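Residue strings, one per chain:
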Amino acid sequence: MSTNAKICGLSTEETLDAAINDGAEYVGFVFYPPSSRNITVEKAAYLAKTVGEKALKVGVFVDPTDELLSEVTSNVGIDIIQLHGHEPVERVEYIKNRYKKLVMKAIPVSSKADISVA
């Protein structure tokens with residue numbers, strides 16, 4: 001089994017280049033204002049253009065509004081939506097169907113019981 005690397009929280013050309021040059025197949029841009037890694041849509045759009053086809057671009061969100069998702073998917077050119085909030089299954093399905101993107105949902109696991117809930 002092969003392993004794919006995703007580097008998140010990228011916000012400069014230098015860190016983006018380092019991630020891609022060192023083999024990251026996915027690069028992540030965080031759209032969550034409380035995070036120290038939060039990036040503006042404009043900056044992410046610029047960086048995404050420099051990525052081109054060298055890696056898949058992931059938008060990382062926490063309980064995003066449709067407005068934010070629409071702005072990012074329209075302007076940044078992300079390939080994948082990654083959700084890290086409390087989005088229920090129905091919201092994840094809605095996002096997948098509305099934005100026509102692959103969706104990854106982060107699920108916290110701290111015990112074996114959490115896996116069955118997931």
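My aim in this report is to walk through the structure given alongside it, one point at a time. Computed from a predicted structure; not experimentally measured.

1. Notes on unusual backbone geometry
Item 1. Residue Asp63 is not a glycine yet carries a positive backbone phi of 45°.
Item 2. Relative to the assigned elements, Asp63 resides in the loop between strand S3 (56-61) and helix H3 (66-75).
Item 3. A positive phi angle, near 55°, is found at Lys100, a position not held by glycine.
Item 4. If you trace the backbone, Lys100 turns up in the loop between helix H4 (89-99) and strand S5 (102-105).
Item 5. On the accessibility criterion, Lys100 (67% relative accessible area) is exposed.

2. Structural notes on the nonpolar core
Item 1. In this structure, Leu16, Val27, Phe29, Phe31, Phe61, Val76 and Ile81 are the most contacted members of the largest nonpolar core, which totals 27 residues.
Item 2. When residues of this core are traced back to their parent elements, those giving at least two are helix H1 (13-21), strand S2 (26-31), helix H2 (41-51), H3, strand S4 (80-83) and H4.
Item 3. In terms of residues, this core owes the most to one element, H2, which gives six residues.
Item 4. If sequence neighbours within four positions are ignored, Leu16 has contacts with Leu10, Val27, Phe29, Leu47, Thr50 and Val51.

3. Considering H1
Working note: α-helix, 3.6 residues per turn, so residues spaced by three or four point in the same direction.
Item 1. Every buried residue of H1 is accounted for by Leu16, Ala19 and Ile20. Each buried residue of H1 lies within a common arc of 95° when the element is viewed along its axis, so the set occupies one face. In H1, those exposed residues whose orientation departs by more than 90 degrees from the buried face are Glu14 and Asn21.
Item 2. If you follow the buried residues of H1, they end up packed against strand S1 (6-7), S2 and H2.
Item 3. Gly23 occupies a position one or two residues after H1 and carries a positive phi of about 105°.

4. Some details on the packing of H2 against H3
Item 1. Close contact between H2 and H3 brings their axes to 9 Å; oriented N to C, the two are set at 30°. One finds that H2 runs roughly parallel with respect to H3. As for the relative orientation of H2 and H3, their crossing is right-handed in sense. Residue-level inspection shows Val41, Glu42 and Ala45 of H2 in contact with H3, the latter providing Glu71, Val72 and Asn75.

5. Observations regarding the environment of Ile80
Item 1. Structurally, Ile80 is set in strand S4.
Item 2. Classification of Ile80 by relative accessible area gives buried; the value is 3%.
Item 3. With 26 residues separating them along the chain, Ile80 and Ala106 place their C-alpha atoms 13 Å apart.
Item 4. Residues within four places of Ile80 in sequence aside, it is in contact with Tyr26, Leu56, Lys57, Val58, Gly59, Leu102 and Met104.

So, how was this worked out
- Residues numbered from 1 in each chain as written.
- Predicted model: local features only at pLDDT ≥ 70, side-chain atom pairs only at ≥ 80, totals over all residues.
- Heavy atoms only, no water.
- Helix = DSSP H or I, 4+ residues; strand = E, 2+ residues; numbered from the N terminus.
- Buried < 20%, exposed > 50% of the residue type's maximum accessible area, 1.4 Å probe, protein only.
- Core = buried A, V, L, I, M, F, W, Y, C linked by side-chain atoms within 4.5 Å.
- Contact = heavy atoms within 4.5 Å.
- Arc of directions from axis to C-beta.
- Axes fitted to C-alpha atoms, helices over the stretch in contact; angles between N-to-C directions.
- Parallel < 35°, antiparallel > 145°, perpendicular 65-115°, else oblique.
- Left-handed = near helix turned anticlockwise from the far one by under 90°.

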